Amino acid sequence: MLKDDIDSLSPARDFSRRSFVQTTVGSGFAAAVLPVTAQTVTTDAAGLEAGAVTIPVGDFAMPAYRARPAGKQQLPVVLVASEIFGVHEHIADVCRRFAKAGYLAIAPELFVRQGNAGAYTEAARLIAEVVSKASDAQVMADLDATVAWAAAQGGDTARLAITGFCWGGRTTWRYVAHNPRVAAGVAWYGPVARAYHPGDKTIVELAAAIKAPVLALYGAADGGIPVETLTQLEAALKAAGNVKSEFVVYPDTPHAFHADYRPSYRKAAAEDGWKRCLAWLAAHGVKA
């Protein structure tokens, strides 16, 4: 992994503040992102069913965070793929934001077999010891199980979308390539020209399998994702017949610009991206 990419994930910080370290899925913040900033967005759970759940994946019980409007059935489903830091409070908050907009949103803990992503204080070690061991094959199967769970919980998986951030942004592209039932995706600053797990293909290499429309939200000043790799993917998608996907690259904007709990947050880009995200889902068959 590029040094610039690791630096963009985890800028220099003081680790003396431990009170936010995650204890259960969707609670607290990962150690590697402390201290959280004063600008952190908090979405309440009023009118929602929100909290930790367990999703069966064969004989394995996978923890996840889900949020939905209380008492509602046949809701459109949005899978939320986390950053490398796992499902901490920010990812849970994103689920609640989707629920407030009328969705059943589910964020599975996709690294839990490999270790506790929330306990790591160094991004480089976290990637080497946990993230890089989660293969695409495992992650795709876990997301398939999450979709099946959503259907059993009254979700309308005929209206299925996925979104994700950083590693989860790449996972968004990857799951769209894997599951033809996905109606739309929104990928936030996910690497497209490299993979995390040895032997997995890059998103550029998988472009021909990406049929659904994906909204790609990136920062031009992202040190780990060169803009030319996005241009390469866009060309590959068009060559394969996918002319419905759209790339938005925000000028002078770093990696993780949606992460309101970190110094990388850029309010204008984050708010514009969120509006585009909801409009994209509504326009492509996943309307709440």
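Now for a quick tour of the structure.

Criteria and thresholds
Residues numbered from 1 in each chain as written. Predicted model: local features only at pLDDT ≥ 70, side-chain atom pairs only at ≥ 80, totals over all residues. Heavy atoms only, no water. Helix = DSSP H or I, 4+ residues; strand = E, 2+ residues; numbered from the N terminus. Rg over C-alpha atoms; globule rule 2.2 N^0.38 Å. Buried < 20%, exposed > 50% of the residue type's maximum accessible area, 1.4 Å probe, protein only. Contact = heavy atoms within 4.5 Å. Axes fitted to C-alpha atoms, helices over the stretch in contact; angles between N-to-C directions. Parallel < 35°, antiparallel > 145°, perpendicular 65-115°, else oblique. Nonpolar A, V, L, I, M, F, W, Y, C, P; charged D, E, K, R; others polar. Polar contact = N/O pair within 3.5 Å; in protein donor to acceptor, adjacent residues only side chain to side chain. Disulfide = S-S within 2.5 Å. Salt bridge = Lys/Arg side-chain N within 4 Å of Asp/Glu carboxyl O. Expected span 1.5 Å × (residues − 1). Pairing = 2+ DSSP bridges.

Brief notes about the overall build of the protein
Of the regular secondary structure elements, the protein holds seven helices and eight strands. Here the C-alpha radius of gyration of the protein, 17 Å, is about what a compact globule of 288 residues would show, namely 19 Å. When the backbone C-alpha atoms are referred to their principal axes, the protein occupies close to 45 × 45 × 40 Å. A total of 288 residues make up the protein; the buried ones form 58% of that total. Pairs at least 24 residues apart make up 73% of the contacts formed inside the protein by residues separated by at least 6 positions.

So, the environment of Leu 215
As for its placement among the helices and strands, Leu 215 is situated in strand β7 (residues 214–219). The spacing of Leu 215 and Phe 247 is 32 residues in sequence and 6.1 Å in space, taken between C-alpha atoms. Here Leu 215 is in contact with Gly 185, Val 186, Ala 187, Glu 246, Val 248, Arg 276, Cys 277 and Trp 280, once residues within four sequence places are set aside.

Thoughts on the packing of helix α4 (residues 136–152) against helix α5 (residues 167–178)
Their axes nearest at 10 Å, the elements α4 and α5 cross at an angle of 75°. Relative to α5, the element α4 lies roughly perpendicular. Only Trp 167, Arg 170, Thr 171, Arg 174, Tyr 175 and His 178 of α5 make contact with α4, whose side of the interface consists of Asp 136, Val 139, Met 140, Leu 143, Asp 144 and Val 147. Classifying every residue of the contact of α4 with α5 gives six nonpolar, two polar and four charged.

Regarding the side chain of Ser 132
Tracing the chain through its elements places Ser 132 in the loop between α3 (123–129) and α4. In this structure the side chain of Ser 132 is engaged in a polar contact, spanning 2.9 Å, whose partner is the backbone oxygen of Ala 128. Apart from residues lying up to four places away in sequence, Ser 132 is in contact with Ile 127, Tyr 196, His 197 and Pro 198.

Comments concerning the side chain of Thr 172
Mapped onto the fold, Thr 172 is located in helix α5. Take Thr 172: its relative accessible area is 0%, and that puts it in the buried class. At 3.0 Å, the side chain of Thr 172 forms a polar contact with the backbone nitrogen of Gly 164. Leave out the neighbours within four places in its chain, and Thr 172 touches Ile 162, Thr 163, Gly 164, Gly 185, Val 186 and Ala 187.

Points about the state of the cysteines
Going through the model one piece at a time under the given rule, you end up with zero disulfides. Cysteine Cys 95 shares no disulfide, and the gap to the nearest cysteine sulfur, in Cys 277, comes to 12 Å. Among the residues examined, Cys 95 registers a relative accessible area of 0% and is labelled buried. Since its relative accessible area comes to 1%, Cys 277 is described here as buried.

Focus on the pattern of salt bridges
The tally for this structure, following the rule as stated, stands at 16 salt bridges. Residue Asp 44 is joined to Lys 100 by a salt bridge in which the shortest nitrogen-to-oxygen separation is 2.7 Å. Pair noted here: Asp 44 is in the loop between α1 (3–9) and β1 (48–57) and Lys 100 is in helix α2 (residues 89–100), with a separation of 56 residues, a long-range link. Classification of Lys 100 by relative accessible area gives partly exposed; the value is 42%. The closest approach of N and O atoms between Asp 93 and Arg 96, which form a salt bridge, is 3.1 Å. Highlighted residues: Asp 93 and Arg 96, both in helix α2, separated by three residues, approximately one helical turn. In this structure, Asp 93 and Arg 96 share a single accessibility class: buried.

Some words on α5
Compared with the 16 Å implied by 1.5 Å per residue over twelve residues, the 16 Å span of α5 between its first and last C-alpha is a close match. Turning to α5, its buried residues number three or more, namely Trp 167, Gly 168, Gly 169, Arg 170, Thr 171, Thr 172, Trp 173, Arg 174, Tyr 175, Val 176 and Ala 177.

Description of the sheet that holds strand β3 (residues 75–81)
Strands sit in the order β1-β2-β4-β3-β5-β6-β7-β8 across an open sheet of eight strands; the sheet is mixed. Bordering the open sheet on either side are β1 and β8 (246–250), each of which pairs with just one other strand. Each adjacent strand pair in this sheet contributes to an overall mean axis angle of 20°, direction not counted. Where β3 and strand β4 (residues 104–108) come together, three bridges link them in parallel fashion. Counterpart to Val 77 in the pairing with β4 is Leu 104. On top of the sheet, α2 reaches β1, β2 (60–69), β3, β4 and β5 (155–165); it is set at about 45° to β2, its chief contact. Contacting β7 and β8, helix α6 (residues 227–239) runs over the sheet at an angle of about 170° to β8.

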